[in-house]
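Spelled out, the chains give:
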Amino acid sequence: MPTVADRIAQTVVALTLEPRTEQIFHADSYGYRPGRSAHHALAACRKKDWVLDVDIRAFFDSLDHDLVVNAVAATSPPSSVGCCCMSRGG
């Protein structure tokens, strides 16, 4: 169960990474993004000739941790975010 410290760390990381990563997401990406909902996704789908829906249920379980660490480091120059992400092992 997450502790208060975990929740604070998650919030700090999210607030730091979100503005940087939002710039690199595709405009038609709607999952778990601020200000976007399933209703927005449906409205966008109605304007397209085709739609791609992917179930990534266990995707993050199979990711190489070093690859994720490098991706976070590439998008987040503040060393405190990287340090926080890397030191909160599970």
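Data block above holds the structure.
All figures in this text were calculated on a predicted structure; none of them were measured in a lab.

Caption draft 1: Examining the overall build of the protein chain more closely. Regarding its fold elements, the protein chain presents four helices and zero strands. Secondary structure elements in the protein chain, listed N-terminal to C-terminal, are α-α-α-α. The buried share among the 90 residues of the protein chain stands at 14%. Contacts in the protein chain between residues far apart in sequence, at least 24 positions, make up 50% of those at least 6 positions apart.

Caption draft 2: Structural context of the pattern of salt bridges. Per the counting criterion, the structure on display carries two salt bridges. Put simply, arginine 33 and glutamate 22 hold a salt bridge, and the shortest N to O gap is 2.7 Å. Note that arginine 33 is positioned in the loop between helix 1 (4-22) and helix 2 (38-45) and glutamate 22 in helix 1, a separation of 11 residues in sequence. A residue is classified by how much of its surface remains accessible, and arginine 33, at 8% relative accessible area, is buried.

Caption draft 3: Quick look at unusual backbone geometry. In this model, tyrosine 32 sits at a positive phi of 55 degrees, which is unusual for a non-glycine residue. Looking at where tyrosine 32 falls in the secondary structure, it is placed in the loop between helix 1 and helix 2. The class for tyrosine 32 is exposed, based on a relative accessible area of 89%.

Caption draft 4: Focus on the packing of aromatic side chains. Applying the stated criterion across every chain, the model contains zero aromatic pairs. Arginine 36 extends its terminal NZ or CZ atom over the ring of tyrosine 30, reaching a point 4.8 Å from the ring centre.

Caption draft 5: Region of interest: the side chain of arginine 33. A polar contact is formed between the side chain of arginine 33 and the backbone oxygen of histidine 26, at a distance of 3.1 Å. If we skip the residues at most four places from it in the chain, arginine 33 touches Glu22, Phe25 and His26.

What counts and how
Residues numbered from 1 in each chain as written. Predicted model: local features only at pLDDT ≥ 70, side-chain atom pairs only at ≥ 80, totals over all residues. Heavy atoms only, no water. Helix = DSSP H or I, 4+ residues; strand = E, 2+ residues; numbered from the N terminus. Buried < 20%, exposed > 50% of the residue type's maximum accessible area, 1.4 Å probe, protein only. Contact = heavy atoms within 4.5 Å. Salt bridge = Lys/Arg side-chain N within 4 Å of Asp/Glu carboxyl O. Phe/Tyr/Trp six-rings, centres within 6.5 Å; stacked < 30°, edge-to-face > 60°. Lys NZ or Arg CZ within 6 Å of the ring centre and 35° of its normal. Polar contact = N/O pair within 3.5 Å; in protein donor to acceptor, adjacent residues only side chain to side chain.

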